[in-house]
Amino acid sequence: MTSVNGSRRRQRSTRVLVAVLLLMLATAAVAATALTGSWGLVTGAGFLAVVLGAAATKITHSELMSSRRGAARDRAEQAQAYRELDVRRSAEGVEFAADMQGLVAKRDATVSRLERRLTDAAAELAEARRNLAESEERTVLAEREAERLGGRLADADERATAAVVRVAELEQEIDVLTTQWQAAEAALAEQLSIRKGA
């Protein structure tokens, strides 16, 4: 594109230079013939100046039209390049939007998964708290039962101690009674043997 513009500029410079040279030639011809004082030469030079001026005008006009066509072509190429750029950017925008939708979908899926895990963890925590409360309640009940059984055990110990004392007392009484019974039995046997002997 730069080489084409460069060649156009060189052509334009050459054409404009030719037009300027033609006008200068016409001016020089008119000036030179005016110095001679011959009306025929001045008229011929004037006619030549008009022809050269018309040629210069034609060259300048064709250069202007060529410049306009070149500028229009450049604008058309630029518009086409902008259209292609816009198409590329639109495609990139669609691709970016698709990527973003994919990322949002992944993020939503991750959030949903984390919410489910959080719900499950909350349920597990509630279950653990219920189990802890039940365990604490069972512990309190077990402590109360242990206290009650401890009280009963103390009572049983007291009764056992009392029973041991009572058993010892009863054994003493039995010993006393046995001794008395044996003494009575011996006395009775002695009385019987006395009676038998009489």
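Everything here concerns the structure above.
1. Considering the pattern of salt bridges
Working step 1: In the structure shown here, the tally under the stated rule is 5 salt bridges.
Working step 2: Close ionic contact of arginine 130 with glutamate 127 constitutes a salt bridge, the shortest N to O distance being 2.5 Å. Taken together, the residues arginine 130 and glutamate 127, both in helix H2 (residues 39-197) and 3 residues apart, mark about one turn of the helix.
Working step 3: Look at arginine 130 and you get partly exposed, because its relative accessible area is 45%.
Working step 4: Classification of glutamate 127 as partly exposed rests on a relative accessible area of 35%.
Working step 5: One salt bridge in this structure joins arginine 166 and glutamate 173, with 3.8 Å as the shortest N-O distance.
Working step 6: Note on arginine 166: relative accessible area 41%, which makes it partly exposed.

2. A closer look at the environment of phenylalanine 47
Working step 1: Take phenylalanine 47: it is sitting in helix H2.
Working step 2: Phenylalanine 47 sits in the exposed class, given a relative accessible area of 60%.

Basis of the calculations
- Residues numbered from 1 in each chain as written.
- Predicted model: local features only at pLDDT ≥ 70, side-chain atom pairs only at ≥ 80, totals over all residues.
- Heavy atoms only, no water.
- Salt bridge = Lys/Arg side-chain N within 4 Å of Asp/Glu carboxyl O.
- Helix = DSSP H or I, 4+ residues; strand = E, 2+ residues; numbered from the N terminus.
- Buried < 20%, exposed > 50% of the residue type's maximum accessible area, 1.4 Å probe, protein only.

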